[in-house]
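Residue-level listing of the chains:
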Amino acid sequence: MAEAATVRRSRITPEREAELYAAVLDLLREVGYDALTMDAVASRTRSSKATLYRQWGSKAELVVKALRHQKPVTIGEIDTGSLRGDFHEMVTREDDCRMEQDSALMRGLAMAVHENPDLLRALRELLIEPEMTGLDGILRRAVERGEIRADNPALSYVPHMLVGGLVVRGLIDNRPPTQDFLTSYIDAVVLPALGA
């Protein structure tokens, strides 16, 4: 039985998978997580709902894998040789338009996780934990290079600072996050907090 599922899963080409993920994100932007249904995804992508469930198992997994797929690089792949360089590289990997779209999606999903524990679980497992592992690697290398102290209490708050900069820009300034804003935020807030 497991072999049959593996064979079925392998029939979706990378191109078709990318097309499905793009459609899921478009629907997510249009209707939000709660109103997004597997029926709507099937209709939009000319797929069967059974194929979607067989391939991804749940709406939460499909949505999170679509989010993961659109990321051009994971944080763990960044290593410029300096903490400032790594943080700046994280920012420049996405253009302002993409950051605005992504932050809007994440705000919507942040609301949806309160009512959908399966979404929260999938986000943590497939998106947040891998990124935190990559960020831990960046910070560990900075400690090893002597850029920051290993006992700096701000180390455990770096994810909160970075996500906070993305999220609260819209709330406080009524403007989307941009590369310029995040670069200056990193230089003015994150790096000084780390003593770098």
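The structure we're discussing is the one just above.
Counting starts from 1 at the beginning of each chain's written sequence and moves along it residue by residue. Local features in this predicted model are restricted to residues of pLDDT 70 or higher, and side-chain atom pairs are both shown and tallied only at a pLDDT of 80 or more, whereas totals for entire chains, interfaces and linings draw on every residue. Note that the side-chain values use all heavy atoms of the structure and ignore hydrogens as well as water.

Participant: Looking at this structure, how should I read the packing of aromatic side chains?
Facilitator: To describe a pair of aromatic rings, one takes the distance between the centres and the angle between the planes. Aromatic pairs are defined between Phe, Tyr and Trp rings, using the six-membered ring for Trp, whenever the two ring centres lie within 6.5 Å; interplanar angles under 30 degrees are classed as stacked, those over 60 as edge-to-face, and all others as tilted. Considering all chains together, one arrives at 2 aromatic pairs under this definition. Ring centres of tyrosine 21 and tryptophan 56 lie 5.7 Å apart, and the angle between their planes is 65°; on these two criteria the pair is classed as edge-to-face. Taken together, the positions of tyrosine 21 in helix H2 (residues 14-31) and tryptophan 56 in helix H4 (residues 49-56) put the pair 35 residues apart, joining distant regions of the chain. Three labels apply to residues, based on accessible area from a 1.4 Å probe with only protein chains included: buried if under 20% of the type maximum, exposed if over 50%, partly exposed otherwise in between. On the basis of relative accessible area, tyrosine 21 is assigned to the buried category, the value being 5%. Pairing phenylalanine 181 with tyrosine 185 gives two aromatic rings, centres 6.0 Å apart and planes at 20°, and the pair type is stacked. Here the residue phenylalanine 181 and the residue tyrosine 185 both occupy positions in helix H10 (residues 179-194), the gap between them amounting to 4 residues, near one helical turn. Its relative accessible area of 21% is what places phenylalanine 181 among the partly exposed residues. Numbered from the N terminus, helices here are DSSP runs of H or I no shorter than four residues, and strands are runs of E no shorter than two.

Participant: Any chance you could explain a negative patch on the surface here in plain terms?
Facilitator: Residues with no salt bridge and a relative accessible area higher than 30% make up the patches, which join like charges within 9 Å and nonpolar side chains (Val, Leu, Ile, Met, Phe, Trp, Tyr) within 5 Å. All accessibility values rest on the Shrake-Rupley procedure with a 1.4 Å probe; residue burial counts only the protein chains present in the view. Each reported salt bridge corresponds to a side-chain nitrogen of Lys or Arg within 4 Å of a carboxyl oxygen of Asp or Glu. By the counting rule applied here, Lys and Arg register as positive and Asp and Glu as negative, while His and the ends of each chain are not counted. Charged groups are reduced to one reference atom each: NZ for lysine, CZ for arginine, CG for aspartic acid, CD for glutamic acid. On the surface, Asp95, Asp96, Glu100 and Asp180 cluster together into a patch of negative charge. On the basis of relative accessibility, which here comes to 66%, the residue aspartate 180 falls in the exposed class.

Participant: Explain the environment of valine 167 to me, please; I cannot follow it from the model alone.
Facilitator: Tracing the chain through its elements places valine 167 in helix H9 (residues 158-173). Taking the relative accessible area as the measure of exposure, valine 167 reaches 34% and is therefore partly exposed.

Participant: I would appreciate a short explanation of the packing of H2 against helix H7 (residues 96-112) in the present structure.
Facilitator: Any two packed helices are characterised by the angle at which their axes cross and by the distance between the axes. The angle between two axes is taken between their N-to-C directions and runs from 0 to 180 degrees, where each axis is a line fitted to C-alpha atoms and a helix contributes only its stretch in contact. Viewed as axis vectors pointing N to C, H2 and H7 meet at an angle of 65°, and their least axial separation amounts to 10 Å. In this view, H2 runs roughly perpendicular relative to H7, as classed from their interaxial angle. For the element pair H2 and H7, the recorded crossing hand is left-handed. On H7, the residues that touch Leu25, Leu28 and Arg29 of H2 are Gln101, Leu105 and Leu109. In these notes the angle categories are as follows: under 35 degrees is roughly parallel, over 145 is roughly antiparallel, 65 to 115 is roughly perpendicular, and the rest is oblique. Rotating anticlockwise by less than a right angle from the far helix to the near helix defines a left-handed crossing, while the corresponding clockwise rotation defines a right-handed one. Whether two residues touch is decided by their heavy atoms; if any such pair falls within 4.5 Å, the residues are in contact.

Participant: Explain the pattern of salt bridges here, please?
Facilitator: Pairing between side chains of opposite charge can happen when the charged atoms of each approach one another. As enumerated under the stated definition, the model contains 14 salt bridges in all. Among the ionic pairs, glutamate 19 bridges to arginine 16, the shortest N-O distance being 2.5 Å. Placement of the pair is glutamate 19 and arginine 16 together in helix H2, with a separation of 3 residues, close to one helical turn. When its relative accessible area of 37% is taken as the criterion, glutamate 19 is described as partly exposed. Using a relative accessible area of 22% as the deciding quantity, one classes arginine 16 as partly exposed.

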